[in-house]
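Coordinates in review
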Amino acid sequence: MSMYLLDKFFPRIVKRTTVMLVVRIFLGAVFVYAGAGKLWNLRGFAIIIEEFGVVPLELLPYAAVGLPVLEILAGAGLVWNVRGSLTAITAMTVMFMAVLSYAMYEGLVIADCGCFAAGEVPAGYDDGSALREAFIRDVGLLAACCFLFFSPMRRKQTAKIL
């Protein structure tokens, strides 16, 4: 009887934990890549932040350095399953979506959303479609965050820790 249960349920558990691992590593890697691209061109990233008009000029240098560093730390933390990393990534994703929503609402024409490396100018920047595409991409990232947050396997792991 126990062998039957092991054969029936073990593959499901392995598949679920494998999917969670792949999603966690992918999401972490996206944030590490995005943060590294911004750090590579801090001046360009600061200009992009300024175009959105949501950060006071006095805080601009701190935001231009702090945000990419936070992205890299949170992304690496998620890859290594460090507690709090998923919360940080989820909060940043929601913040990015809010900024993009604000820019679209205000009708700002911003050629580079600043999502990855400064200087990447996608097609469609003149009609706002680049911001919409970035928003849709962030919806996907938020869905991955929600998948990890609400996974039954995560709740079991958290219960064991507490």
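The following refers to the structure shown. (Residues numbered from 1 in each chain as written. Predicted model: local features only at pLDDT ≥ 70, side-chain atom pairs only at ≥ 80, totals over all residues. Heavy atoms only, no water.)

Remarks on the overall build of the protein chain
This is how the line gets drawn: Strands here are runs of E lasting at least two residues and helices are runs of H or I lasting at least four, both read from the DSSP assignment and numbered beginning at the N terminus. When accessible area is computed with a 1.4 Å probe and restricted to protein chains, residues below 20% of their type maximum are described as buried, those above 50% as exposed, and intermediate ones as partly exposed. By definition, residues are in contact when any of their heavy atoms lie within 4.5 Å. All accessible areas in this document rest on Shrake-Rupley with a 1.4 Å probe, and a residue is counted as covered only by the protein chains that are shown.
Within the protein chain one finds six helices and zero strands. The secondary structure elements of the protein chain, listed N-terminal to C-terminal, are α-α-α-α-α-α. Counting the 162 residues in the protein chain, one finds 35% classified as buried. Residue pairs in contact within the protein chain that sit at least 24 positions apart in sequence constitute 70% of those at least 6 positions apart. Approximately 9900 Å² of the protein chain is accessible, and the part contributed by carbon and sulfur atoms is 70%.

Side note on the packing of aromatic side chains
Rules: For Phe, Tyr and Trp, where Trp contributes only its six-membered ring, two rings pair if their centres lie within 6.5 Å, and the inter-plane angle classes them as stacked under 30 degrees, edge-to-face over 60, or tilted in between.
Here the structure, examined in full by the defined rule, presents two aromatic pairs. Ring centres 6.4 Å apart and planes at 15 degrees place the aromatic pair phenylalanine 31 and phenylalanine 96 in the stacked group. Taken as a pair, phenylalanine 31 in helix 1 (residues 2-40) and phenylalanine 96 in helix 4 (residues 85-106) lie far apart in primary sequence, 65 residues in all. Relative accessible area serves as the criterion here: at 18%, phenylalanine 96 is assigned to the buried category. An angle of 45 degrees between the planes, with centres 6.4 Å apart, marks the rings of phenylalanine 149 and phenylalanine 150 as tilted.

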